[in-house]
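The lines below spell out each chain.
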Amino acid sequence: MASENTPLLSHGVFSVVADEEKLPHRLSRGGLEDVQAKSPQGPKRRLNTFFGVIVPTVLSMFSIVLFQRVGFVVGHAGLLQGLAMLAVAYFIISLTILSICAISTNGAVQGGGAYFMISRSLGPEFGGSIGLMFFLAKVCACGVYVLGLVEALLDVFGKDPALGQVGGLHVLPQGYWFTVLYASVVLLVCLLVCLVGAHIYSRAAFLILLVITGALLSILVSPLLVGPQTFVISHPNSHNHSQTLSYNTSYTGFNGTTLHNNLGPGYSVDYSTSQMMSFATVFAVMFTSCTGIMAGANMSGELKNPSVSIPKGTILAVLYTFIVYLVLFLLVSSTCQRGLLTGDYGVFQRINVWPPFVLIGMYCASLSAAMCAMIGASRILHALALDQLFGLPLAPAAITSKSGNPWVSVLYTWGLVQCTVFAAELNVIAGLVTVFYLLAYAAVDLACLALEWASAPNFRPTFQFFSWHTCLLGIVSCLLMMFLINPVYSSASIVLLLLLLLFLHYRSPTSSWGYISQALIFHQVRKYLLMLDVRKDHVKFWRPQVLLMVANPRSSSQLITFVNQLKKGGLYVLGHVQLGDLDLLPSDPIQHQYNFWLSLVDKLGVKAFVDLTLSPSVRQGTQHLLRITGLGGMKPNTLVMGFYDNSYPDDYFLQDPAFCQGSNDNSKNEDDEFGVDLPSLQAHFGPVRDEVTPRSLAPDEYVGIVSDAIKMNKNVCLGRYFHQLQAAEGRGLRGDGAGRIIDVWPLNPLRPGTSGYADVCSLFLLQMACILNMAAGWRRARIRIFLCAEAQSEDQGWMEKEERFRELLGKLRIRAEIKVVAWDVVVRLLGAEASDTSQGHMGELNALTRAPQPISQEFLSAVNGLLKENSADAAVRFLYLPRPPAVSGQYQQYLAQLDMLSRDLGPTLLIHGLTPVTCTEL
């Protein structure tokens, strides 16, 4: 439990509150980081903003698209649509960057980058599924960069006899398997660099950036130094590869006519894939240049100050790349004819003042982007493995070298990238990469939106240039562009995401990250509770809101489960009173008990809240709970208690396999999500009462609780023999209740002369029986209603009462079987005064106003025998609970009468209803 000495900010994924001896047993990422922080061999954070964020982000966003696809985009889409694509792409990533900056400046960011931010914001299910999707996006992106590098190599060194490219520099044979071979070799080089460590790449990255910058400068100055030229473009015929198509096209230098001709779109067949291009396919290729915005965030584990470096470096890098792409779009559209742009990916090499400049920059950009993607993917996978979300399959990926390099996750990543290069064409998997990245960006926006909408006081990022509008717009933009680019890939990726969500949800990974869903639920529940006005309550929408008082769950679990079926979507609270005086105690003993009770609720599978209190007496504590339990319009209207008798209860924990260690070999060592294991749960709830255990509740106090509840206008239910309900349900009956019987006796047995079978309490009994009949386990059960009549009396008014009662059941839409029971013999035991039942309404009025007549043991025994005789086959019985006497001196007599009345009946619920609950109107 947190105290004033608990750190306000934990830099680990998990809050480490266990003792040191428990750390090896339950090693989490937080524990690992704490150990590494204390160990001199732990990984050090070495990178600053420039080398850790700006450089990798710029290199990832330049990649192969900068040198090989700028002409392709402008040639097919034209300058105007090309600029529109650029604007849309950067608009989407700008919205995502705002979300990244907000989340990353709201606390300590650990390794895993985007995955870390999403998972710590949205919880393990959503974070784990999106993290794996983002990992796959990085894997596919690495494949794109590798294939782009191979494509650039073959453009220069590949030999193709059909095009006359033989001899000289054209020494590399071409073909599908050769492309895969070359890509595998390049990928092996990336693997070796990544195995050495990210710091090697970060040192070389700056030099690579200088080389690429030099190549860019050569492209920018070439139109000033190179005059107009004409080129012959040759490609194999897409319909007949033995034929070659050739045509002439020109580089004009800066020319107004060329710019005018390139303004509009000119979509045609792509010479490498033989597919017709469109806005969506071209945008998919172009958007791969925008997928590197999280390259710096993915290096968060190596950054000195990630909360400062990530937002600052990412924004600067994106501004720089946008300016470069904008200038290049304008340059190629005003200097190159469309045929040159669409017919040759390497247009910058053809028009450069010294072509090797472009080649070197192209190779460096592709190789660095591939290595950056592989490093980023391996870090995400390593973070997933540390968080133990996917269990054994990813467990080896948590292994690191002495320097902290996750070499196993690098091998995992290399193997998957090797699978993607079998596509052998950059444009083939570019759409898949774009869809995966857009989905990951939408998840980042969703994480920020959820934090903003939750209005949590601890969400106060230092970066303030965002709002829920930008987050929502980012989500919508990403989803729209996903389906615009490729509806099939988009649908498949969302289905995969949902499957991962379900897998992680049912696997229930342990975490203490905090769940944004809980904050959102709290926010909405508070809002709707304020809208739930008790002054607008109406009988048509009444439902039971139950407070069940539990002394020991070991003896009450069957009753807890049964009442769960009676709540009909209403409030259900388990209440417990611990005897004690807070003035005499050093601290509140109640707080640490909640986890045990909530774990009990989880074990029993009931939908209930828990409310505990400390009080000098059970009666006073129950009064407290009846008054303060609930909030606003959700407060208990019905009190349920077990019956007070002298029998010794059974221990339910010894009967239910869920509470027995033998039912699960691993149960001894497995904690639930909140650290309560089965032995601890069993130890917390003491043994059931036996002959040597003193009772915490006296008979007078028990009846006093019933009386208090009625005074507070609460309905009261007393449950007896519910430990037999499980056996009654285990007679081979179906799960929908077929074959079960619910018996209702709507007669006040202690004042039989007052009943017209239509008073508030009798109707309450009918309503509760009807509610039970609606529960899934009782849906096919039959309801029987017993009417007691003096069949041998001269007055046959009971037949008219039966008819009126049938008519009432029809109006109340209650399907039940009415059984008339003759109880002449029983009534005679009451004496002559019971004859008021035959005097119509005046008899009922007299019976209500006079003092209750003495009830003999013979009468109660006879009523009990009548109940046994007629309800022997019932699964549960609903009996009328008489009002307790006004004089406390008669409480024990009243309790003895109830005991005699319900003795040996089987599962029985004695009910006293005060609330009108039935309605015949629409």
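Values in this document were obtained by computation on a predicted structure and should not be read as measured data. (Residues numbered from 1 in each chain as written. Predicted model: local features only at pLDDT ≥ 70, side-chain atom pairs only at ≥ 80, totals over all residues. Heavy atoms only, no water.)

### Quick look at the overall build of the protein chain
Of regular secondary structure, the protein chain possesses 30 helices and 14 strands. When burial is assessed residue by residue, the protein chain has 53% of its 922 residues classed as buried. By sequence separation, contacts in the protein chain at least 24 residues apart represent 81% of the contacts at least 6 residues apart. Put simply, the protein chain shows about 40700 Å² of open surface, and 61% of that area lies on carbon and sulfur atoms. (Helix = DSSP H or I, 4+ residues; strand = E, 2+ residues; numbered from the N terminus. Buried < 20%, exposed > 50% of the residue type's maximum accessible area, 1.4 Å probe, protein only. Contact = heavy atoms within 4.5 Å. Areas by Shrake-Rupley, 256 points an atom, 1.4 Å probe, with all protein chains shown as cover.)

### Comments concerning the sheet that holds strand 6 (residues 572–579)
Strand order in the open sheet made by the 10 strands is 7-6-5-8-9-14-13-10-11-12, with mixed pairing throughout. Two strands in the sheet have a free side with no partner beyond their single neighbour: strand 7 (609–615) and strand 12 (817–822). Mean inter-strand twist for the sheet, computed between neighbouring axes without regard to direction, equals 25 degrees. Here strand 11 (residues 782–789) runs beside strand 12; their pairing, made up of 6 bridges, is parallel. Looking at the pairing, Cys788 lines up with Val821 of strand 12. In the packing of helix 19 (residues 553–566) onto the sheet, the strands contacted are strand 5 (546–549), strand 6, strand 8 (638–642), strand 9 (715–720), strand 13 (876–880) and strand 14 (908–912), and the crossing angle to strand 6 comes to about 145 degrees. (Pairing = 2+ DSSP bridges. Axes fitted to C-alpha atoms, helices over the stretch in contact; angles between N-to-C directions.)

### Describing the environment of Asn261
Within the fold, Asn261 resides in helix 8 (residues 256–261). For Asn261, a relative accessible area of 46% translates into the label partly exposed. Linking Asn261 and Ser333, residues 72 residues apart in sequence, is a C-alpha distance of 8.6 Å.

### Remarks on the packing of aromatic side chains
Evaluated as defined, the whole model comprises 28 aromatic pairs. Ring geometry for Phe279 against Phe283: centres 6.2 Å apart, planes inclined by 5 degrees, an arrangement best described as stacked. Placement of both Phe279 and Phe283 in helix 9 (residues 279–287) is noted, with a separation of 4 residues, approximately one turn of the helix. Residue Phe279 is classed as partly exposed on the basis of its relative accessible area of 28%. Given a relative accessible area of 1%, Phe283 falls into the buried group. Ring plane angle 35 degrees and centroid distance 5.6 Å describe the contact between Phe283 and Phe287, whose orientation is recorded as tilted. Residue Phe283 and its partner Phe287 are located together in helix 9, separated by 4 residues, close to a single helical turn. (Phe/Tyr/Trp six-rings, centres within 6.5 Å; stacked < 30°, edge-to-face > 60°.)

### Thoughts on the packing of helix 3 (residues 70–104) against helix 16 (residues 468–485)
Packing of helix 3 against helix 16 leaves a shortest axis separation of 9 Å and a crossing angle of 135 degrees. With respect to helix 16, the element helix 3 is oriented oblique. As helix 3 runs across helix 16, the sense of the crossing is left-handed. Along its contact with helix 3, which presents Val88, Phe91, Ile92, Leu95, Thr96, Leu98 and Ser99, the element helix 16 presents Thr470, Cys471, Leu473, Gly474, Ser477, Cys478 and Met481. (Parallel < 35°, antiparallel > 145°, perpendicular 65-115°, else oblique. Left-handed = near helix turned anticlockwise from the far one by under 90°.)

### Observations regarding the confidence of the model for the protein chain
Mean pLDDT over the protein chain: 81, with 84% of residues reaching 70 or higher. Counting interchain partners and residues more than four positions distant, the pLDDT-below-50 stretch residues 662–669 has 9 contacts. (pLDDT = per-residue confidence, 0-100.)

### Thoughts on the packing of helix 3 against helix 10 (residues 306–335)
In contact at an axis separation of 10 Å, helix 3 and helix 10 are set at 170 degrees when each is read in the N-to-C sense. In terms of orientation, helix 3 and helix 10 fall into the roughly antiparallel class. Looking at the contact of helix 3 with helix 10 residue by residue, the class counts come to 22 nonpolar, 6 polar and no charged. (Nonpolar A, V, L, I, M, F, W, Y, C, P; charged D, E, K, R; others polar.)

### Thoughts on the nonpolar core
Among the nonpolar cores identified, the biggest contains 161 residues, and Leu66, Phe67, Ile93, Ile212, Ile293, Tyr325 and Phe329 are the most heavily contacted of them. In this structure Tyr325 touches Met61, Phe62, Val65, Leu66, Val70, Leu86, Tyr90 and Ser289, once residues within four positions along its chain are discounted. (Core = buried A, V, L, I, M, F, W, Y, C linked by side-chain atoms within 4.5 Å.)

### A word on the environment of Lys536
Summarising the element assignment, Lys536 is placed in the loop between helix 18 (516–531) and strand 5. Sequence separation between Lys536 and Gly633 is 97 residues; the distance between their C-alpha atoms is 9.6 Å.

### Notes on the pairing of strand 5
Regular strands place their side chains on alternate faces of the sheet. Across the two faces of strand 5 the burial is the same, with Val546 and Leu548 and Leu547 and Met549 all buried. Two strands pair when backbone bridges link them, and strand 5 and strand 6 are joined in this way by 4 bridges, in the parallel orientation. What sits directly across from Leu547, in strand 6, is Val573. Once you follow strand 5 into helix 19 and on to strand 6, the crossover reads as right-handed. (Right-handed = clockwise from strand over helix to strand, strands pointing away.)

### A look at the pairing of strand 7
Of all 7 residues that make up strand 7, 6 are buried, and the element is covered over most of its length. Two strands pair when backbone bridges link them, and strand 6 and strand 7 are joined in this way by 7 bridges, in the parallel orientation. If you follow Val577 over to strand 7, its bridge partner there is Thr613. Taken together, strand 6, helix 20 (residues 594–604) and strand 7 constitute a β-α-β crossover, and its handedness is right-handed.

### Some thoughts on helix 9
Within helix 9, 7 of the 9 residues are buried, which leaves it mostly tucked inside the rest of the structure. Three or more residues of helix 9 are buried, namely Ala280, Val282, Phe283, Ala284, Val285, Met286 and Phe287.

### Some details on the state of the cysteines
According to the stated counting rule, one finds 0 disulfides in the structure shown. Sulfur of Cys194: no disulfide; nearest cysteine sulfur belongs to Cys190 and is 6.4 Å away. Judged by relative accessible area, Cys194 falls into the buried class, the value being 1%. (Disulfide = S-S within 2.5 Å.)

### Description of the side chain of Glu151
Locating Glu151 in the fold gives a position in helix 5 (residues 124–157). Here Arg69 takes part through its side chain, which lies 2.9 Å from a polar atom of the side chain of Glu151. (Polar contact = N/O pair within 3.5 Å; in protein donor to acceptor, adjacent residues only side chain to side chain.)

### As for helix 29 (residues 857–870)
Compared with an ideal rise of 1.5 Å per residue, which puts 14 residues at 20 Å, helix 29 spans 20 Å between its outermost C-alpha atoms and is within 8% of the ideal. Within the sequence span of helix 29, burial applies to Phe859, Leu860, Val863, Asn864, Leu866 and Leu867. Summarising the axial view, the buried residues of helix 29 lie within an arc of 155 degrees, below the 170-degree limit, and thus occupy one face. Those residues of helix 29 that are exposed and aimed more than 90 degrees away from the buried face are Glu858 and Glu869. (Expected span 1.5 Å × (residues − 1). Arc of directions from axis to C-beta.)

### What to know about the pattern of salt bridges
On inspection of all chains with the given rule, the structure shows 13 salt bridges. Salt-bridge contacts for Lys811 lead to Glu807; the nearest nitrogen and oxygen are separated by 3.7 Å. You can see Lys811 and its partner Glu807 sitting in helix 26 (residues 797–811), 4 residues apart, about one turn around the helix. The class for Glu807 is partly exposed, based on a relative accessible area of 48%. With a closest N to O distance of 2.5 Å, Arg903 and Asp899 form a salt bridge. Residue Arg903 is classed as partly exposed on the basis of its relative accessible area, which comes to 32%. One salt-bridge network, in which partners are shared between bridges, spans Asp645, Arg720, Asp899 and Arg903. (Salt bridge = Lys/Arg side-chain N within 4 Å of Asp/Glu carboxyl O.)

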